[in-house]
Every structure is written in C-alpha cells, then in structure tokens.
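Secondary and tertiary structure notes
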Amino acid sequence: MTSQAMTPSHERGPETISAVLPAGATIHAWIKARHGGAVGRLTAHVDGDPAITVETSNRHEFEFRVLTLESGGETDFSYDPVTTQVSVLYAFLQPGVLEKGIRMLHVGSSNVAPEISGGYHFRPPFGWMNDPNGFGRFGGRLHLFYQHYPHSLRWNNMHWGHAVSDDFLHWTHLPVFLPPSDELAARADGRGGAFSGSAIALDGAGIRIFFTEHMKGREPEEQVQFTAISHDLVNVEPASLILPARPAGLGLTTDFRDPYVFLGQDDKWKMLLGTRDREGGVILLYETDDPAAATGWTFLGVLHRENRFGMTAAECPCLVPLDGPANDPSTRWALIFGLLTSRDPATGRRNMTIATVGHFDGRSFSVEFEQELDFGTDAYAFQAFVDDSGPVGIAWLANWTDVSKDIDMATAMTLPRRLALHEGALITPPVAGVESLRQRRLDPQGLVDGQAVDLANGAVEILLTLKEPGKAFRLTFEHPQAALEVLLNDDGLSIPFSVANAKVSPRYIAAGARPSTIRIFLDAGSIEVFADDGRWTGTKRLPGFSGVSSVRLIAPQGNLLTAEIWQLSL
C-alpha cells in the first residue's frame, strides 16, 4: 500500500508507485476520476521512459484497465491525486501465475485488508468477500472463486475473486476472475453484478463456469443465468446467456439465482437454482443433454421446498453424493442450502443452513433425514464438490445479520470441511490437513487446573476428551469485544456469545447434543467448534481482528479425561 501525504490534495504533486517488473508483466489497475470534467489517468514509465497510459472519465466507480509491459525494469506508475484515484494495482506474469500468483503494488485506504497476526483462514487480499463460488479441483489443483467487491470492505457490485491451493489451507491469490458486465461495472450503486455460481471441468483443460447476473430493477428479470469458459484457469472468455427467464406458472418471485451444476445419477449435467414463492424457499432442477453443459438447459421441475422459520428464498443450493459414486442408485446425497431471512423462534438465530440427506435419481430427491448444517449459523452459502478422497465443502464465515450498509466488515471463509455419513448423521469435520497448522503444543495443565491460560495471538486449537459423553464443562474466553464461551450441559452444546449494547443475543446451540470429544479452532475473527468429529459443528464470526487472549476451563472433577492446546499458524 502506498502512503498518502498529509497535504491537501490540491497542493500535492504526482503520486508514484514504484516496482521492478519483468518484461511481459501484466498489470491490472482500477482507477476513477475524482470529479466531473476531470480525466483519471495512470501512466507507467519503465527506466524513465513512458510505457503506457490508461484513462477514465468515470467519477462514480473505479474502472478496470489492463497494462502490459513490453520491456522490464524500474517501473513507476504515476498519477495526479487531484484528478485521479487508484483503488487496486497488481502485477503478474501470465506464464506461471497459477504457481506464483499476483504481486500487490497498491491498495487504497478504503479497501486494504486488515492486518491479522498469524491468521490461518482464507481472506481476500483486498476488498469485500462473501459466498464461495466454483469451489473444486481443476487441472490438479484446488480452486476457490468467491463473491468479491474490490474497492471497499462493504458489499457492492459483485465480481468473482480467485485463489488456488494444493492443500485447502495455503492459498495463492490470482487475478480477479470475473468482473460485472460493462453496464454494471461502471456504477457504484450496488445494482448487482456477477452473483454466485459454480464450475465444472472441461474435457481436456480448463473450466466452464455458471453464474447469475443480477441487475436491480431490470424488467422482466432481475436475475438471469450465464455461462463462460476459461481454458487457462485465469482468463475468462465472454459469457453467454443460457437461462433468460424463470419458469412460468409457478408463482415465483424475481429471486432466481446461484446455479450449481453437477453430474447426476444418470450421467447428465444437472443444475440447481434457488428461488421462492408465496410459501417459502424453492429449489429448481434443470438438465441438459449437452456433454459440454453449454446449451440445451431444460426445466425438470421443483426439486425441494422449505417454508419454515419465516424464510424467503432458498440460496446457494448444492447437491453432492456422500457414500458412493453419483451413478450408483444406492448412493445417498446431501442437499444443502441457505434459508435466507430465516429466524428460529426458539433461539433467535438467523439465516440458518439446512442439510437434507436422501436419494437422487436424476429427476427427484427423496429425503431420508435432515439436520442443521451448523448450529452457529455463520457458515453460510456452503458449497461442496467431490474431491479425490470424497466430498469437501467451504462456507462464508459470516451471517447477513452482521452486514451493515454503513460499517466496513472484512470476512473470511470457514476451514474446509469433509462431508460423510456416520451412524445415521451427516458429519462435517475439518479436512485432515489442518493438523499441519500445529506449530507447538501449549501446556494444558493450567487449563485442567482451572487457571487462565494465555493463548498469545489467539490462533489455537483446543481438544477436549470427556470421560463420558455429555459430561458438563464450560470454557470461558477473554476477547476484547465480546463475551464468549463454549458450554456443554443438559441443554446441549452451545456457544454463548454477546457484544455490549446488543439488542438481542441469539442462543447458538445444538440442542440435546451429548458429545465426548470437542475440537475448537480459534482465529482472529472466528471460532469453529467440531464435536464428535463434526457430528455437531458450530461456527461464529467474532467482531474485530484481535484474537482471544486467554481461556479458562470450569468443569466438575473427573469430567475431563484429556486436554490439548496447540498454537496454529500457516
């Protein structure tokens, strides 16, 4: 990030961002004009010689520009702060970008990522992030796309951000993958953009993505479905409209979004879409005979309905096989989706996520049982795919009730989680690789003795084994902005949480849970609780970016069998 002088802008000279860059480097820049009638202008000089200039007259929103350096050397990017504002500037080489990622050159003060000591959850390098999109393994590596607004820490017109990993934990940031349409990209009024979607592998190399384009107030459809392909997993080709309208005759609202595409039981491509009618949430099912999934999408019918908890739309549906291959009729599948605006009257929790398990024959889904995906509710927009070792998913570590139009809120993704069936329940433990985050073991004796244990920067894993299932305990945490505990008693397993001056504090509880092992991951901004290998999972976003500083255990004598505490770091 470049420093800004404490001089009034009308008295400043040119601002300069300097870096040594190689020949052939690609630079992505977002610039805008500071006031009407001015031209925003960014000029690159290489070893003192003018190389390239980009301009915009848009004073409402940052506009995307691409610069390519023919020669390398000491590169100065200069602009006049009286007329020009620069939001983001990064560089990369097209060959090898999947391995080396982008090199950040500049981020503005309004979209800079928070400084977090030792954090191990995925966060974007700048700007706002929400839903995971197109989560999968492509070209032998793990790719995570996500809902992204580059220019502030608040939601606005949606882009797709992009990162790649070899282990689900260490991520390399890549160029912004999918911007909004030109019409939307030129505005800063939150009218829509490239909403959530999914990705599938192309035969040979590359991916095909599917996404919703949202344009507020557009008639007759605010939300329509597009597809596009990327052959190199970095650059995306122009998108094509595939579903221009909602199915008629069902009384659906304009909610029509979040295409999730997967291979069905009959080896045909299927697509789920979330919507709503007067009764509540609706999940639609589409199909195509096209092996490339590019055209020919046909509406098959309503796959599932959910109208509890006062919900409106079903959001971000996904459907994955759990205990066998997709083309085996005996395989059970998990249908997972968010209940937008839902409220549990018993606990006050909002925007919950449901997992239903049953059989999918390519056209219909029969429910065997259902359960809540996460009793903490801050694992929203969950998206999963079938990896080499089985299904894996990830979610946005936040809840729409936290989001403000006026207050910046940087967020993270949850730890990636496996999905499996165990003793008649869906379990969602963290991926096995999280053990690699363990740096050193902290002495748990103080915890066992009921003393406060210092947790340094708060990036820790705590493991408790109880003498018998359901034995009571209470962990109390010292946090600078919240009252936080993990509690197991006769009511179940809960995460008591509150902040000062809150009008209401929901009860984050897995009612009736009686686990025997508890695994807690703490990080700046979050707590994730996995009980009995993810039979009960609770995720809660914490305010601010300072970690929990200490923990104390309160438990009757003999209830605790073992305790471990590990300092974690990437």
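To keep things clear, this report deals only with the structure shown in the data block.

Rules and cut-offs
- Residues numbered from 1 in each chain as written.
- Predicted model: local features only at pLDDT ≥ 70, side-chain atom pairs only at ≥ 80, totals over all residues.
- Heavy atoms only, no water.
- Helix = DSSP H or I, 4+ residues; strand = E, 2+ residues; numbered from the N terminus.
- Buried < 20%, exposed > 50% of the residue type's maximum accessible area, 1.4 Å probe, protein only.
- Salt bridge = Lys/Arg side-chain N within 4 Å of Asp/Glu carboxyl O.
- Pairing = 2+ DSSP bridges.
- Axes fitted to C-alpha atoms, helices over the stretch in contact; angles between N-to-C directions.
- 1 Å grid on protein atoms, 1.4 Å probe; cavity = no way out; pocket = protein on both sides within 12 Å on 5 of 7 lines; lining within 4 Å.
- Points joined across faces, edges and corners; volume = space filled by probe spheres on them.
- Contact = heavy atoms within 4.5 Å.
- Polar contact = N/O pair within 3.5 Å; in protein donor to acceptor, adjacent residues only side chain to side chain.

What to know about the environment of Gly204
For Gly204, the location among the structural elements is in the loop between strand S13 (192-201) and strand S14 (207-215). By relative accessible area, which is 84% here, Gly204 ends up exposed. With 100 residues separating them in the primary sequence, Gly204 and His304 have C-alpha atoms 34 Å apart.

Points about the pattern of salt bridges
Close approach of charged atoms lets side chains of opposite charge pair. In the structure shown here, the tally under the stated rule is 32 salt bridges. Between Lys270 and Glu287 there is a salt bridge, with the nearest N and O atoms lying 2.3 Å from each other. Here Lys270, found in strand S18 (residues 269-276), pairs with Glu287, found in strand S19 (residues 281-288); they are 17 residues apart in sequence, far enough to count as distant. In this structure, the salt-bridge partner of Arg305 is Asp277, at a minimum N-O distance of 2.4 Å. Of the two residues, Arg305 sits in strand S20 (residues 298-306) while Asp277 sits in the loop between S18 and S19, which places them 28 residues apart along the sequence. The exposure class of Arg305 is partly exposed, given its relative accessible area of 46%. On the basis of relative accessibility, which here comes to 11%, the residue Asp277 falls in the buried class.

Comments concerning the sheet that holds strand S41 (residues 536-541)
The strand order across the open sheet built from six strands is S31-S43-S33-S39-S40-S41, with neighbouring strands paired in antiparallel fashion. A single partner strand is all that each edge strand has here, and the edge strands are strand S31 (438-442) and S41. Sheet twist, expressed as the average angle between the axes of neighbouring strands with direction ignored, equals 15°. As judged from the six bridges shared by strand S39 (residues 517-523) and strand S40 (residues 526-531), these two strands associate in the antiparallel manner. Counterpart to Asp523 in the pairing with S40 is Ser526.

What about the layout of surface pockets?
The volume enclosed by the largest pocket comes to roughly 900 Å³. Sorting the residues of the lining of the largest pocket by element identifies strand S9 (128-138), S13, strand S17 (256-263) and strand S21 (314-321) as the ones contributing at least two each. When its volume is computed, the second largest pocket comes out at roughly 720 Å³. Lining the second largest pocket are 28 residues; nearest its centre among them are Thr401, Asp402, Val499, Ala502 and Val504. Going through the elements one at a time, strand S37 (497-498) and S41 are the ones with two or more residues in the lining of the second largest pocket.

Concerning the environment of Asn457
Locating Asn457 in the fold gives a position in the loop between strand S32 (453-454) and strand S33 (460-466). Sequence spacing of Asn457 and Thr347 is 110 residues, and the spatial spacing of their C-alpha atoms is 31 Å. Residues within four places of Asn457 in sequence aside, it is in contact with Ser117, Gly118, Gly547, Val548 and Gln567. Within polar-contact distance, the side chain of Asn457 engages the backbone nitrogen of Ala459 at 3.0 Å. At a separation of 3.0 Å, a polar atom in the side chain of Asn457 contacts the side chain of Gln567.

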